[in-house]
Amino acid sequence: MSTVMKAGYRRIVDIGSIGAWLVVSGCTAVADLRKPDVEIANVWHATSPHGGRTSDLVSWWSTFGDPSLTTLITLAQSESPGLEAAAADIESARATLASAHSNLFPGLSGSASLARSGTGGNDTSGVAVSTMTSGSLDASWEIDLFGKTRRKSEAARLRVEERVADWHGARVSLAAEVADYYVQYRACRQLERTYSAELASQRETIRATETAAASGFTSSGDLALARASAASSASTLTAQRAECELLVKSLARLSGGDEPRLRDLLTKGRQRIPTPKTLKLTAVPADALRQRPDINALELDVGASLAEVGAAKADLYPSLSLGGSVTIGSSSLTGTSAPWSFGPTLSIPLFDGGSRRAAVASAEAAFDVAVAAYKTGVLDAVAEVETALVRIDSTRRRIGDATVAARNYRAYFKTVDSNWKAGGASLLDREDARRSAQAAELALIQIRRDAVRYWIALYKALGGGWDANTTAPGIHRKKSKETSSDASETHSCCSFPERESCFQGKSRSRATERDGSAHGGRGKACRTPMA
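Bear in mind that the values here come from a model prediction, so they are computed numbers and not experimental data. (Residues numbered from 1 in each chain as written. Predicted model: local features only at pLDDT ≥ 70, side-chain atom pairs only at ≥ 80, totals over all residues. Heavy atoms only, no water.)

**Observations regarding the overall build of the chain**
When helices and strands are counted, the chain shows 12 helices and 5 strands. Each of the 531 residues in the chain was classed as buried or not, and the buried ones make up 42%. Within the chain, counting contacts between residues at least 6 apart in sequence, those at least 24 apart form 83% of the total. Total accessible area on the chain is roughly 27500 Å²; 55% of this is exposed by carbon and sulfur atoms. (Helix = DSSP H or I, 4+ residues; strand = E, 2+ residues; numbered from the N terminus. Buried < 20%, exposed > 50% of the residue type's maximum accessible area, 1.4 Å probe, protein only. Contact = heavy atoms within 4.5 Å. Areas by Shrake-Rupley, 256 points an atom, 1.4 Å probe, with all protein chains shown as cover.)

What follows is the structure, encoded as structure tokens:
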């Protein structure tokens, strides 16, 4: 073998070794990061309401049988500034994605110029006027050896999906908030009617007591007591009406600020407290977490943070770019020329004062924060459902007792009232019985109100039945070609429990698989969505 051939062979071997090192380095860029491991119970530790019977969670609001409520929720969804801001966040994230995606392709720029020049003077020193024209094209392309650009593009794509999940979460929260205020308003008006009826009864008592006092059949003290009780009830009624007006203001704020239209809807709607029918309640906590857009957003945040760690680590290695240019120039004095250039450029980071390492540390810290937020979100979500279940069960049991108490206190008051009219009971006894009956009726209304509010809280805690196929305003869910292979691995493995090799994708090292952090199979219902 000749010396030239041996040198060429060694060069090929050296290049192959460098290439293998680059591939191995890139594949282990994020291998030392562990995925979050959160275990939750595989059953609810609270009583399932309605015996666990199910219905469609998405159309749950229609089960209230109150058109005014569904109209208000629809109106709020279309007029909410919060949803508009969430949609704007999606557009911002999509613009960032487009910018990151553009770096995967070569860049091409062009320029053109036209100039006339000459030198005045006599025939000896003067230079004739000349015209020069030139046009140039410059191309550059950074070869993504270590996946830095792909990972940035992937992180941007996940941020878009995260913002979409945030938008869904905002919709769920807004609907629940509108429904909650609406239920409070209906209960408030019922309380107002109760106070108003009692006040009317007390005024009749005042008139009867005034007649009796004028005839000498009762003392002036009884008359003072009747007047004091009526004044106290009038004050409470005024405060109750103010509370109802404040709820109207809150509903107007959520539904776009058109208060006359809102009052018209409230007038036409049913005056009772709306009551939902059955609500879907999954038997396994992990199934409920799948329905929560906020958990989905936290999960996407972890995936995006991981991709950003990979991009920061890839920036530690050399970068290779191809560049070229061609310029065509023409001058009336020198003629036409067409210089060109083309070739690779290798940039090797030698010393940057620790800037790149600091960027990696910052990205890893952001990943740890995202993982911690995800774990907290999962635990909070389960706690919210458990809390709502306990409260629903408690109020369901209390409603029966409160109904019996209200009915019997009212019967007791009627008996005492009859005795008072017959002269067999004092006004003080009658007022005590009246206050007891009123308190029991008010408590029943409040318990019924709270029961529905806890149902709404459960609806929100279960994810609100949000539909992932519902597209945010101006958002078109299209999958670009650059995310069809390597770039899609991070999110596809970070969806829900069926994926076991979450976060690391094909670049995950076997050392990480042996460290015991890998989750179990898909039969482990107690694992979190990230499992």
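Once you've had a look at it, read on.
**Concerning a nonpolar patch on the surface**
On the surface, L108, L137, V326, I328, W340 and F342 cluster together to form a nonpolar patch covering roughly 720 Å² of accessible area. Looking at the nonpolar patch, the elements with two or more residues in it are β3 (319-331) and β5 (340-347). Position of F342 relative to the elements: it lies in strand β5. The exposure class assigned to F342 is exposed, which follows from its relative accessible area of 61%. (Patch = residues over 30% accessible without salt bridge, like charges linked within 9 Å, V, L, I, M, F, W, Y side chains within 5 Å. Salt bridge = Lys/Arg side-chain N within 4 Å of Asp/Glu carboxyl O.)

**Details of the pattern of salt bridges**
Going through the model one piece at a time under the given rule, you end up with 36 salt bridges. Its salt-bridge partner being E204, residue R207 comes within 2.2 Å of it at the nearest N-O pair. In this pair, R207 and E204 both sit in helix α4 (residues 148-215), 3 residues apart, roughly one turn of the helix. A relative accessible area of 44% places R207 in the partly exposed class.

**What to know about the side chain of H168**
Inspection of the secondary structure assignment puts H168 in helix α4. Given a relative accessible area of 1%, H168 falls into the buried group.

**Describing the packing of α4 against helix α5 (residues 220-254)**
For the pair α4 and α5, the least separation of the axes is 8 Å and the interaxial angle reads 160°. Relative to α5, α4 is oriented roughly antiparallel. When you trace α4 past α5, the crossing you get is left-handed. Looking at the contact of α4 with α5, its residues break down into 20 nonpolar, 10 polar and 10 charged. (Axes fitted to C-alpha atoms, helices over the stretch in contact; angles between N-to-C directions. Parallel < 35°, antiparallel > 145°, perpendicular 65-115°, else oblique. Left-handed = near helix turned anticlockwise from the far one by under 90°. Nonpolar A, V, L, I, M, F, W, Y, C, P; charged D, E, K, R; others polar.)

**Some points on the environment of S196**
With respect to the helices and strands, the residue S196 is situated in helix α4. Beyond its immediate sequence surroundings of up to four residues, S196 is in contact with L237 and R241.

**So, the state of the cysteines**
Counted under the stated rule, the structure contains 1 disulfide. Across a sulfur-sulfur distance of 2.0 Å, C188 and C244 are joined as a disulfide pair. Taking the sign of the S-S torsion, -105° for the link of C188 and C244, the bridge is left-handed. Linking C188 in helix α4 with C244 in helix α5, this pair joins segments that are 56 residues apart in sequence. Take C188: its relative accessible area is 3%, and that puts it in the buried class. (Disulfide = S-S within 2.5 Å.)

**Examining the nonpolar core**
Among the nonpolar cores identified, the biggest contains 61 residues, and W61, V178, L266, I456 and L458 are the most heavily contacted of them. Elements supplying a minimum of two residues to this core: α2 (67-79), α3 (81-102), α4, α5, α6 (259-268), α9 (355-421) and α10 (427-461). Top contributing element to this core by residue count: α4, with 17 residues. Setting aside anything within four residues of it in sequence, one finds W61 in contact with L69, T70, I73, A175, A176, A179, I456 and Y459. Core analysis: the next-biggest nonpolar cluster, separate from the first, contains 16 residues, L306, A370, A381 and V382 among them. (Core = buried A, V, L, I, M, F, W, Y, C linked by side-chain atoms within 4.5 Å.)

**Describing the confidence of the model for the chain**
Model confidence for the chain is summarised by a mean pLDDT of 75, while 71% of its residues fall at 70 or above. For the chain, helix α12 (residues 510-513) is the element with the lowest average pLDDT, namely 34, and helix α8 (residues 293-314) is the one with the highest, namely 90. Note on residues 1-31: pLDDT under 50 across the span, and 21 contacts to partners over four residues away in sequence or across chains. Under a pLDDT of 50 for its full length, residues 51-55 has, in the predicted model, 9 contacts with residues more than four places off or in other chains. (pLDDT = per-residue confidence, 0-100.)

**Examining the packing of α4 against α10**
With their axes 9 Å apart at the nearest point, α4 and α10 run at an angle of 170° to one another. Relative to α10, the element α4 lies roughly antiparallel. Split into classes, the residues belonging to the contact of α4 with α10 amount to 12 nonpolar, 9 polar and 9 charged.

**Details of the packing of aromatic side chains**
Counted under the stated rule, the structure contains 3 aromatic pairs. Counting every residue linked through ring pairs, the aromatic cluster contains W61, F64 and Y459. (Phe/Tyr/Trp six-rings, centres within 6.5 Å; stacked < 30°, edge-to-face > 60°.)

**With respect to the pairing of β3**
Pairing of β3 with β5 involves 8 bridges; the strand directions are antiparallel. Residue S321 lies in a different strand from β5, and its bridge partner there is T345. In the sheet, β3 pairs with strand β4 (residues 335-337) via 3 bridges, with the strands oriented antiparallel. From the neighbouring strand, G329 faces β4, where its bridge partner is S337. (Pairing = 2+ DSSP bridges.)

**Description of α5**
One turn of an α-helix holds 3.6 residues; hence residues three or four places apart share an orientation. Compared with the 51 Å implied by 1.5 Å per residue over 35 residues, the 52 Å span of α5 between its first and last C-alpha is a close match. Where α5 ends, the next residue or the one after it, G256, has phi of about 110°, a positive value. (Expected span 1.5 Å × (residues − 1).)

**Some points on the environment of V404**
Secondary-structure assignment places V404 in helix α9. For the pair V404 and L444, spaced 40 residues apart in the sequence, the C-alpha separation amounts to 9.6 Å.

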